[in-house]
Amino acid sequence: MNTKTLALAVTLALTACTHPADVSRPLTEVGDKNAHFAIKETPTGFSVDVKYSRYQFVPEAGALLDACRSLVTSRAYDEAKARGREIEPIDKQTIRVSTGRNIIKARTACRAFAEAKWKR
């Protein structure tokens, strides 16, 4: 292997590295550039809409679905805590979620939606 090829391989390996997000703060403060959240009031609580995408050389739709469900659930509990109220447990089966893939950019995306209802 010549030095140019080795240098290119090392550069690619280093640029592919990522850093974990700071999970010590609520999702509203983290500022993850890959996740976008929308909260809307409902008569019985609020809804959470999450759009999330990330680079995946090898697509892993199952892992992305789990991440999207986790994000929408965590964001709902963080929002309830910020408002000083409790919500009913969010059943995984009630979360609407879908995925898509941009093969040109090698990004896999998901969108999740959940309704949070105030505890009585």
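Residues numbered from 1 in each chain as written. Predicted model: local features only at pLDDT ≥ 70, side-chain atom pairs only at ≥ 80, totals over all residues. Heavy atoms only, no water.

Draft legend 1. Geometry of the overall build of the chain. Scanning the chain for helices and strands turns up three helices and four strands. Helices and strands in the chain line up, N terminus first, as α-α-β-β-α-β-β. The proportion of buried residues among the 120 residues of the chain is 26%. Taking all contacts inside the chain whose residues are at least 6 apart in sequence as the whole, residues at least 24 apart take part in 62%. (Helix = DSSP H or I, 4+ residues; strand = E, 2+ residues; numbered from the N terminus. Buried < 20%, exposed > 50% of the residue type's maximum accessible area, 1.4 Å probe, protein only. Contact = heavy atoms within 4.5 Å.)

Draft legend 2. How the structure looks around the state of the cysteines. Across all of its chains, the model carries one disulfide by this definition. Across a sulfur-sulfur distance of 2.1 Å, cysteine 68 and cysteine 110 are joined as a disulfide pair. Classification of the bridge connecting cysteine 68 and cysteine 110 rests on its S-S torsion, roughly 100°, and on that basis the disulfide is right-handed. Here cysteine 68 is found in helix α3 (residues 61–82), whereas its partner cysteine 110 is found in strand β4 (residues 107–117), with 42 residues between them in sequence. For the pair cysteine 68 and cysteine 110, one class covers both residues: buried. (Disulfide = S-S within 2.5 Å.)

Draft legend 3. Expanded view of the side chain of serine 47. With respect to the helices and strands, serine 47 occurs in strand β2 (residues 45–55). Residues in contact with serine 47, not counting those within four places in the same chain, are Ala38, Ile39, Lys40, Thr42, Phe113, Ala114 and Glu115.

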